[in-house]
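# Commentary on secondary and tertiary structure
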Amino acid sequence: MIDIHCHMLPMFDDGARTIDKALIMAKTAVENGITKTVVTPHHKNGMYDNEKRKVEAGVFTLQAMLDKNNIPLELIPGQEVRINGDILSEIDQGKITFIGKSSNYLLLEFPPMFIPTYSEYLFVKLKERGIIPIIAHPERNQVFINNPNRLIQFINEGALGQLTAHSYLGIRGKKIKKISRQFVAEGLVHIIATDAHNEKKNNFCLGEVYTGIKDEFGLDKKLRFEHNAQAVVAGDRVNR
Ligand SMILES: [Fe+2]
């Protein structure tokens, strides 16, 4: 399995606190059937800035440690970019990390309580550049929860949605569990990821969620989610 959202890089953000913790996270991911992880430290969220060069250096170092410790996990550089007014200029400056080989998938996070007024404009500008925003955990944004039409607008304009495994399992509460199913049913999320911040075993519950998706929504839906995680990393088209 492929995880496209994980805070495994040590001492980059509120994810792994030490190298040892990062190694435990990696081991736990592997034990749970994950073979590739896109590491996505927070960027521009008001607490943490992790520009592309720093992320790539972090991946290089941690990958070497994984290899040395015989932990068979492939790391791929990424970022979880908090939506902000500087994204376009940061792209021009080479500070933004796109996921995978195609250089056009961007994991983008909204603040939990609102949608900035310039968001639609920004999405249009990203689209003009061939960049596909993947909205991180829309099921945790109050505006999307209360008015899924706002999410539909972004998805119709070409954005993708990334559901977090915890949300589906109900670990973040009943309301988020319910809206997660609604988003899956309505095709508003296209990829499932862990968003793991520490080594707790149930952070890496992708397999459990895929099984749940198969049971509740059918095999086709499950295969579609699995395919899409691969497609993002490979730079291929995602199935909507
Ligand atoms: Fe995250």
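A brief look at the structure comes next. (Residues numbered from 1 in each chain as written. Predicted model: local features only at pLDDT ≥ 70, side-chain atom pairs only at ≥ 80, totals over all residues. Heavy atoms only, no water.)

## Comments concerning the coordination of the iron ion
Quick note on the threshold: In this analysis a donor is any N, O or S atom within 2.8 Å of a metal ion (3.2 Å for sodium, potassium and calcium), and since water is not included, sites may seem incomplete. Under this scheme a four-donor centre is tetrahedral when all angles range from 85 to 135 degrees, a four-donor centre is square planar and a six-donor centre octahedral when opposite donors are above 155 degrees with the rest from 65 to 115, and any other centre is irregular. By definition, any uninterrupted DSSP run of H or I lasting at least four residues is a helix, any uninterrupted run of E lasting at least two residues is a strand, and each is numbered from the N terminus.
In the first shell of the iron ion, the protein supplies His5 (NE2), His7 (NE2), Glu80 (OE) and Asp195 (OD), at 2.0 to 2.2 Å from the metal. Here the iron ion is ringed by four donor atoms whose angles at the metal span 83 to 172°, and the overall shape comes out irregular. When the donor residues of the iron ion are listed from N- to C-terminus, their spacing reads H-x1-H-x72-E-x114-D. Here the residue His7 occupies a position in the loop between strand S1 (2-6) and helix H1 (19-31), and Asp195 occupies one in the loop between strand S9 (191-193) and helix H9 (206-217), the gap between them amounting to 188 residues.

## Points about unusual backbone geometry
Formally: When a residue's accessible area, from a 1.4 Å probe over protein chains only, is under 20% of the maximum for its type it is buried; when over 50% it is exposed; and in between it is partly exposed.
One non-glycine residue, Met11, adopts positive backbone phi at about 65°. Along the chain, the position of Met11 falls in the loop between S1 and H1. Backbone geometry at His137 places phi at a positive 30°, although glycine is not the residue there. The exposure class of His137 is buried, given its relative accessible area of 5%.

## A few points about helix H4 (residues 119-128)
As a reminder of what qualifies: Relevant arc is that of directions from the helix axis to the C-beta atoms, nothing else. Residues count as neighbours in contact if any of their non-hydrogen atoms are within 4.5 Å of one another.
Within the sequence span of H4, burial applies to Ser119, Leu122, Phe123 and Leu126. In an axial view of H4, the angular spread of the buried residues amounts to 100°, which keeps them on one side of the axis. The exposed set on the far side of H4, more than 90 degrees from its buried face, consists of Tyr121 and Glu128. Where H4 is buried, its residues touch helix H3 (87-92), strand S6 (105-109), strand S7 (132-136) and helix H6 (148-156). Just downstream of H4, Gly130 is the residue with a positive phi angle, here 80°.

## Topic: the pairing of strand S2 (residues 36-39)
The condition is simple: Note: two strands are recorded as paired if DSSP finds a minimum of 2 bridges between them. We call a crossover right-handed when, viewed with the strands running away from us, the connection from the first strand over the helix to the second turns clockwise.
As judged from the three bridges shared by S1 and S2, these two strands associate in the parallel manner. Residue pairing for S2: Asp3 is matched across the bridge by Thr37. In this region the chain leaves S1, passes through H1 and returns to the parallel neighbour S2; the handedness of that crossover is right-handed. Sheet analysis places S2 next to strand S4 (residues 74-77), joined by four bridges and oriented parallel. Bridge pairing in S4 links Val38 to Ile76.

## Considering the state of the cysteines
To be explicit about the condition: When two cysteine sulfur atoms are found within 2.5 Å, that pair is recorded as a disulfide.
The final tally for this structure, using the stated rule, is zero disulfides. Not part of a disulfide, Cys6 finds its nearest cysteine sulfur in Cys205, a span of 12 Å.

## A look at the packing of helix H8 (residues 174-185) against H9
When two helices pack together, their arrangement is given by the angle between their axes and by how far apart the axes lie. Convention followed: All axes are obtained by fitting lines to C-alpha atoms, using only the stretch in contact for helices, and the reported angles, taken between N-to-C directions, cover 0 to 180 degrees. Reported orientations rely on four angle classes, namely roughly parallel under 35 degrees, roughly antiparallel over 145, roughly perpendicular from 65 to 115, and oblique for the rest. With the far helix as reference, a near helix turned anticlockwise by less than a right angle produces a left-handed crossing, and one turned clockwise produces a right-handed crossing. Following the grouping adopted for this structure description, the nonpolar residues are Ala, Val, Leu, Ile, Met, Phe, Trp, Tyr, Cys and Pro, the charged ones are Asp, Glu, Lys and Arg, and the polar ones are all others, Gly among them.
Relative to each other, H8 and H9 sit at 65°, their axes nearing to 12 Å. It follows from the interaxial angle that H8 and H9 lie roughly perpendicular. With respect to the hand of their crossing, H8 and H9 are arranged in right-handed fashion. Facing H8, whose interface residues are Arg181, Val184 and Ala185, H9 presents Ile213, Glu216 and Phe217. Classifying every residue of the contact of H8 with H9 by side-chain character gives four nonpolar, no polar and two charged.

## Digging into the sheet that holds S6
Taking strand neighbours across the sheet as the criterion, the six strands line up as S3-S5-S6-S7-S8-S9 in an open arrangement whose pairing is parallel. Single-partner strands in this sheet number two, and they are strand S3 (42-43) and S9. Inspection of the sheet shows S3 paired to strand S5 (residues 80-82) by two bridges, in the parallel sense. Its bridge partner lying in S5, His42 is registered against Glu80.

## Some words on the sheet that holds S1
Read across the sheet, three strands follow the order S1-S2-S4 without closing on themselves; strand pairing throughout is parallel. For this open sheet the edge positions go to S1 and S4, each flanked by a neighbour on one side alone. Going from strand to strand, the sheet's axes swing by 25° on average, the running direction of each strand aside.

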